[in-house]
Amino acid sequence: MSHGLLEILKYFFLAILWLFFVYAARMVLVDARRSRSDRHSGPERFDGTLEAQPPAKLRFTEGTYRGETIELSGDLTFGRNETCSIPLQGDTYASSLHARIFQQGEDVIIEDLGSTNGTKVNNELIDGPVIVDRGDVVQIGSTVFEVRR
């Protein structure tokens, strides 16, 4: 092989190696952000009552689940990944693991999980866990639902 071709191959492999490290670092950051948000989802609140709160309901107004109402039980995750509680496989604006919603006592909390296009509550992008009230409208990709109680 000529010296020039070897020089080109050397820089090509260095570029591939550099891209691998950038991708690996991004995955570590995404995973760290996900685990940090799991730890800091907020303390359990005790309001003095021992009665279980009735679960909130999510009424879908746009997207694949339009017209459906589901009960919020445990953590629900939204995203294109088929392992999500609410898979949004046809939604090209949703990330593979986009957001999660859960009920904590009387509060319903939604959290964006580092999605590309963000999660909106009442047409405003959120940047951390947010308490949603009855009647609030949530948009994840092109899927829209209203929180009901």
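Above this text sits the structure in question.
Residues numbered from 1 in each chain as written. Predicted model: local features only at pLDDT ≥ 70, side-chain atom pairs only at ≥ 80, totals over all residues. Heavy atoms only, no water.

Engineer: Lay out the sheet that holds strand E5 (residues 99-104) in plain terms, naming residues and giving numbers.
Structural biologist: On the basis of which strands lie adjacent, the open sheet formed by five strands has the order E4-E3-E5-E6-E9 and mixed pairing. Every interior strand has two partners, whereas the edge strands, strand E4 (86-87) and strand E9 (130-132), have only one. Bridge analysis of E5 against strand E6 (residues 107-112) gives six bridges, and the strand direction is antiparallel. Looking across to E6, one finds that Gln 104 is bridged to Asp 107. (Pairing = 2+ DSSP bridges. Helix = DSSP H or I, 4+ residues; strand = E, 2+ residues; numbered from the N terminus.)

Engineer: Just give me the short version of the side chain of Ser 115, but keep the residues and values in it.
Structural biologist: Position of Ser 115 among the secondary structure elements: in the loop between E6 and strand E7 (119-121). What makes Ser 115 buried here is its relative accessible area of 12%. At a separation of 2.6 Å, a polar atom in the side chain of Ser 115 contacts the side chain of Asp 112. There is a polar contact of 2.9 Å between the side chain of Ser 115 and the backbone nitrogen of Gly 118. Not counting residues up to four positions away in its chain, the partners in contact with Ser 115 are Ser 95 and His 98. (Buried < 20%, exposed > 50% of the residue type's maximum accessible area, 1.4 Å probe, protein only. Polar contact = N/O pair within 3.5 Å; in protein donor to acceptor, adjacent residues only side chain to side chain. Contact = heavy atoms within 4.5 Å.)

Engineer: Residues and numbers for the packing of aromatic side chains, please.
Structural biologist: Summed over the entire model, instances satisfying the criterion amount to five aromatic pairs. For the ring pair Phe 60 and Tyr 65, a centre distance of 5.5 Å and an interplane angle of 45 degrees mean the geometry is tilted. In this structure Tyr 65 comes out as buried when scored by relative accessible area, which is 18%. Cluster of aromatic residues (ring-pair linked, three or more members): Phe 60, Tyr 65, Phe 78 and Phe 145. Against the face of Tyr 11 rests Lys 10, its NZ or CZ located 5.3 Å from the ring centre. (Phe/Tyr/Trp six-rings, centres within 6.5 Å; stacked < 30°, edge-to-face > 60°. Lys NZ or Arg CZ within 6 Å of the ring centre and 35° of its normal.)

Engineer: Could you give an account of the nonpolar core, with specific residues and numbers?
Structural biologist: Ranked by internal contacts, the top residues of the largest apolar core, which has 21 residues, are Leu 58, Phe 78, Ile 101, Ile 110, Val 138, Ile 140 and Phe 145. Looking at this core, the elements with two or more residues in it are strand E1 (57-62), strand E3 (76-79), E5, E6, strand E10 (137-140) and strand E11 (143-148). Excluding residues within four positions of it along the chain, Ile 101 makes contact with Leu 58, Leu 72, Gly 74, Asp 75, Leu 76, Phe 78, Val 108, Ile 109, Ile 110 and Phe 145. (Core = buried A, V, L, I, M, F, W, Y, C linked by side-chain atoms within 4.5 Å.)

Engineer: Describe the pairing of E1, with residues and values.
Structural biologist: Where E1 and strand E2 (residues 69-71) come together, three bridges link them in antiparallel fashion. By the bridge assignment for E2, Lys 57 is matched with Glu 71. Between E1 and E2, which pair antiparallel one after the other, the connecting turn spans six residues, and Gly 63 there sits at a positive phi close to 105 degrees. Across five bridges, E1 lies against E11 in antiparallel orientation. What sits directly across from Phe 60, in E11, is Phe 145.

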